[in-house]
Amino acid sequence: GVDDVAWADVVVLQREANVEVISLIHFLKKLKKEIIFDIDDLLTQVPSFLTSYKHSLRTKKYLLKALRMSDAVTVTNRRLQNELKQFNDNTVVIPNCSLMGSAHIVKPETDDVINLIIASSDTIQVNFLVSVLQKLIQQTEFKFNLIGIGPPGKFIDNAGLKIELHENMPHEEFKKFLALQNNAVGLIPLDDSKFSSCKSAIKFIDFSLSGVVSICSNVPPYSDTLINGTTGILVNNDIDSWYNAIIELGKSTTLRVGMAKAAKDYCLENFALDKSAEAWQKLMLSLNISQQKVSTGYFLRQYRLYRLNQIISHIFDKNSYLLSIELLKKYGVVDFTKRFIRYLSRK
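Rules and cut-offs
Residues numbered from 1 in each chain as written. Predicted model: local features only at pLDDT ≥ 70, side-chain atom pairs only at ≥ 80, totals over all residues. Heavy atoms only, no water. Helix = DSSP H or I, 4+ residues; strand = E, 2+ residues; numbered from the N terminus. Buried < 20%, exposed > 50% of the residue type's maximum accessible area, 1.4 Å probe, protein only. Contact = heavy atoms within 4.5 Å. Areas by Shrake-Rupley, 256 points an atom, 1.4 Å probe, with all protein chains shown as cover. 1 Å grid on protein atoms, 1.4 Å probe; cavity = no way out; pocket = protein on both sides within 12 Å on 5 of 7 lines; lining within 4 Å. Points joined across faces, edges and corners; volume = space filled by probe spheres on them. Nonpolar A, V, L, I, M, F, W, Y, C, P; charged D, E, K, R; others polar. Lys, Arg positive; Asp, Glu negative; His and termini not counted. Salt bridge = Lys/Arg side-chain N within 4 Å of Asp/Glu carboxyl O.

Asks: Which residues make up the overall build of the protein, and what values do they have?
Replies: In terms of helices and strands, the protein carries 15 helices and 10 strands. Among the 347 residues that make up the protein, the fraction classed as buried is 48%. Long-range pairs, those at least 24 residues apart, make up 72% of the contacts in the protein with a sequence separation of at least 6. On the protein, roughly 18300 Å² of surface is accessible, and the fraction owed to carbon and sulfur atoms is 54%.

Asks: Explain the layout of surface pockets to me, and be specific about the residues and the numbers.
Replies: Looking at the largest pocket, its volume works out to about 1100 Å³. Of the residues contributing to the lining of the largest pocket, the split by class is 21 nonpolar, 12 polar and 9 charged.

Asks: Give a description of the environment of Ala263 that names residues and reports values.
Replies: Its location among the elements puts Ala263 in helix 11 (residues 253-270). Taking the C-alpha atoms as reference points, Ala263 and Gly211, separated by 52 residues in sequence, lie 8.2 Å from one another. Ignoring anything within four residues of it in the chain, the contact list for Ala263 reads Phe204, Ser208 and Thr231.

Asks: Residue-level account of unusual backbone geometry, with values.
Replies: For the peptide bond that leads from Pro220 to Pro221, omega is 5°, which places it in the cis range. Topologically, Pro221 is positioned in the loop between strand 9 (213-217) and helix 9 (222-225).

Asks: How would you summarise the side chain of Asp38 if you had to cite specific residues and measurements?
Replies: Summarising the element assignment, Asp38 is placed in strand 2 (residues 34-38). Buried charged residue Asp38 carries no salt bridge. Nearest counter-charge: Arg15, at 8.3 Å.

Asks: So, the pattern of salt bridges: which residues are in play, and what are the values?
Replies: Enumeration over the complete set of coordinates arrives at 10 salt bridges. When the shortest N-O distance is used, the salt bridge between Lys194 and Glu83 registers 3.6 Å. Linking Lys194 in helix 7 (residues 194-197) with Glu83 in helix 3 (residues 78-84), this pair joins segments that are 111 residues apart in sequence. Among the residues examined, Glu83 registers a relative accessible area of 19% and is labelled buried. A salt bridge links Glu172 to Lys175, with the nearest nitrogen and oxygen atoms 3.2 Å apart. Highlighted residues: Glu172 and Lys175, both in helix 6 (residues 171-179), separated by 3 residues, approximately one helical turn. Its relative accessible area of 47% is what places Glu172 among the partly exposed residues. Sharing partners across several salt bridges, the network here consists of Arg15, Asp40, Asp41 and Lys199.

Written out as structure tokens, the structure reads:
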């Protein structure tokens, strides 16, 4: 509830924006809180092939309002900063960093089987990669297993290719899973849309810190981050380029091990969590934190206004009615009414 933020001097909101978030921001402003809106994707320009596209259209006006109302906006890279600075001058880069995954367990190599891993929490365009994998089946340089995590794996499975499927995993579990894979090569395809160019290279960082060498599309953010031929391989999004890169890494243990080590050392130096911590510390010191005490009476008055503002905002928002219809269908009239009453009465 809102009383959870009453003690705070700074409140960080992440990604989501809707009627309730805007009401909360108004409430926090009345309490003299500093507000940071943390966003790691160009959610103002979500491409239509992503599952979140329709949701982004419904919530875009609230996102823009939240960006403008916040005291600072934090993003993961310069490209995203350049895109969002138009909505808030105080848009600051906090690099997307990661802890090293579990120590990579190297098993004795008893054969030449390579684990090709592709992972994403959302839909990515991997149509051409299916053709690459189909071509790989015909080659005799090495044997390989396909491992898919999330939607891309299901897409490849639906295309009729044999693949070991896994659901999306929590971040730490994902890194642990990667670290346990031997003879592994990460496949990181990405389209050249503006939305994708504003992402961070976190997948490359996670693969690298888990001891897995990567082949990435030669587009930002990977072309901004990788040292091609040293910390990984950058390839154009065509069948021959991807096929040749996989063959090159797949048939050479020395090359895989050398690049994996170089990538891990590179990411430990440039993307360790202390880099993020330093950036957060600098931002916090720049804010106008007053540490004012708010009286109980004032807090309660503003809280009542906050609740009233929430209700009024929902009344004039068509998306709220659409959501109510969906929830009525899901829970039924009686259960929905009980949930609604509990919502209105919560403190």
